[in-house]
Amino acid sequence: MIDIAKQFHLALPDWIDEELADVPAVVPGRDERMRLVHRLADRNWREGNGGPFAALVAERDTGRIVSVGVNVVLASGVSSAHAEVLALGLAQTATGGWDLGGEGLPAHELVVNWRPCIQCYGATMWSGVRGLVVAGEGPELEEITTFDEGPLGADWAQQFAARGIEVVGDVLRDEALAVFRAYRKAVDEGDGVVYNARGGAE
């Protein structure tokens, strides 16, 4: 009989409880929600869980926090364990189903500290969220951190809009870049791991 792994496990790090201890259940302002995302992203890389990325899912109109996520690629050994994947999956677990836009549910939005990579682009599109709030888009993330975010098309936001997902950009953009720069400094000093797709044929 072939011996194969039959499951893998993704979980938020224990320090999340400490970071959320002073966070109210309802965070009504988008700036405040993004500020929490930046705080989680900055601690995440410093703790060695993964890259400087975090996300949360909130009810769009009330600001009730449904879930948070951080990148746990290094902690889990799973390349798809990005912040958006955890935040969306935990929100779906909390609401009882795969469709965060399902009948009877409030509209949900995903808040993340940069435009999603190509993997998280699809995960967000298929999640049922009705909004995507990003700190920024453009080449700065890749230039600063050296992460390869993949070949996302220039019409990425329009494609979300065509599917009923409102995109709100440039929410505390400078704060996002500050986290990325702190991360890059650590990488340059040998205190960080950048994991990317391989370039070229091998």
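Located above this text is the structure these notes cover.
Let me sum up the structure you'll find in this document. Computed from a predicted model, the values in this text were never measured in an experiment.

**So, the overall build of the chain**
Of the regular secondary structure elements, the chain holds 8 helices and 5 strands. Scanning the chain from its N terminus toward the C terminus, one meets helices and strands in the order α-α-β-β-α-α-β-α-β-α-α-β-α. Taken over C-alpha atoms, the radius of gyration comes to 17 Å for the chain, in line with the 17 Å a tight globule of 202 residues would show. When the 202 residues of the chain are sorted by exposure, 46% land in the buried category. Of the contacts formed within the chain by residues at least 6 apart in sequence, a portion of 68% connects residues at least 24 apart. Separation of charge centres in the chain, based on 17 positive and 31 negative side chains, amounts to 1 Å.

**Points about the nonpolar core**
The tendency in soluble globular proteins is for nonpolar side chains to be buried as a group. Membership of the largest hydrophobic core comes to 57 residues, with the highest contact counts inside it found for M34, L40, L56, V57, L132 and F180. Looking at which element gives the most residues to this core, the answer is helix α8 (residues 173-188), with 7 residues. Here L40 is in contact with W15, I16, E19, A54, V68 and V70, once residues within four sequence places are set aside.

**Some words on the packing of helix α2 (residues 30-47) against α8**
Where α2 contacts α8, the axes come no closer than 10 Å and their chain directions differ by 5°. Here α2 lies roughly parallel to α8, going by the angle between them. Contacts from H38, A41, D42, W45 and R46 of α2 reach α8 at E175, A176, V179, A182, Y183 and A186. Tallied by class, the residues present in the contact of α2 with α8 amount to 7 nonpolar, 1 polar and 3 charged.

**Section: the layout of surface pockets**
Taken as a whole, the largest pocket encloses approximately 400 Å³ of empty space. Forming the boundary of the largest pocket are 24 residues, of which H82, C117, D148, E149 and Y195 lie nearest the centre. When the residues that make up the lining of the largest pocket are grouped by side-chain class, the tally is 13 nonpolar, 7 polar and 4 charged.

**With respect to the sheet that holds strand β5 (residues 166-168)**
Spatially, the 5 strands line up as an open sheet ordered β2-β1-β3-β4-β5, and their pairing is mixed. One side of each edge strand has no neighbouring strand; the edge strands of this open sheet are β2 (65-70) and β5. Sheet twist, expressed as the mean angle between neighbouring strand axes with direction ignored, is 15°. Here strand β3 (residues 108-112) pairs with strand β4 (residues 131-134) via 4 bridges, running parallel. Residue pairing for β4: V112 is matched across the bridge by V134. On top of the sheet, α2 reaches β1 (54-59), β2, β3, β4 and β5; it is set at about 150° to β1, its chief contact.

**A short note on α8**
Three or four residues apart is the spacing at which side chains of an α-helix point the same way, because the helix has 3.6 residues per turn. Along its 16 residues, α8 runs 23 Å from first to last C-alpha, staying within 8% of the 22 Å computed at 1.5 Å per residue. For α8, the set of buried residues is A176, L177, V179, F180, Y183, A186 and V187. Buried residues along α8 sit in contact with α2 and α6 (140-145). Immediately downstream of α8, the backbone of G190 shows phi near 85°, a positive value.

**Things to note about the state of the cysteines**
On inspection of all chains with the given rule, the structure shows 0 disulfides. Looking at C117, it has no disulfide partner, and the nearest cysteine sulfur is the one in C120, 3.8 Å off. Given a relative accessible area of 7%, C117 falls into the buried group. By relative accessible area, C120 is classed as buried at 0%.

Definitions and cut-offs
Sequence order sets the numbering: in each chain, residues are counted from 1 along the sequence as written. Totals for whole chains, interfaces and linings use every residue, but because this is a predicted model, local features are given only for residues with pLDDT of at least 70 and side-chain atom pairs only at 80 or more, for both listing and counting. Neither water nor hydrogens contribute to the side-chain values; these are computed over all heavy atoms in the structure. Secondary structure elements are defined from DSSP: runs of H or I of at least 4 residues count as helices, runs of E of at least 2 residues count as strands, and each element is numbered from the N terminus. Radius of gyration means the value over C-alpha atoms here, while the globule rule gives 2.2 Å times the residue count to the 0.38 power. Accessible area is worked out with a 1.4 Å probe on protein chains only. A residue is then buried under 20% of its type maximum, exposed over 50%, and partly exposed in between. Working rule for contacts: check all heavy atoms of both residues, and any pair within 4.5 Å makes them a contact. Note that His is not counted, nor are the chain ends; the positive residues are Lys and Arg, and the negative ones are Asp and Glu. Charge coordinates come from a single atom per side chain, which is NZ of Lys, CZ of Arg, CG of Asp or CD of Glu. Here the nonpolar core consists of buried residues drawn from Ala, Val, Leu, Ile, Met, Phe, Trp, Tyr and Cys, with membership extended through side-chain atoms lying within 4.5 Å. Here the axes come from fitting lines to C-alpha atoms, over the contacting stretch only for helices, and the angles between their N-to-C directions go from 0 to 180 degrees. Put simply, angles under 35 degrees are roughly parallel, angles over 145 are roughly antiparallel, angles from 65 to 115 are roughly perpendicular, and the rest are oblique. As a working rule, the residues Ala, Val, Leu, Ile, Met, Phe, Trp, Tyr, Cys and Pro are called nonpolar, Asp, Glu, Lys and Arg charged, and the rest polar, with Gly in that last group. Cavity means a closed set of points on a 1 Å grid over the protein atoms alone, one where a 1.4 Å probe fits but cannot get out, pocket means an open set with protein on both sides within 12 Å along at least 5 of 7 lines, and lining means a residue has an atom within 4 Å of a point. Grid points are joined across faces, edges and corners, and a volume is the space filled by probe spheres set on the points. Pairing between strands requires that DSSP locate at least two bridges from one strand to the other. One less than the residue count of a helix, multiplied by 1.5 Å, gives the span that helix is expected to have. For the purposes of this analysis, a disulfide is any pair of cysteine sulfur atoms at a distance within 2.5 Å.

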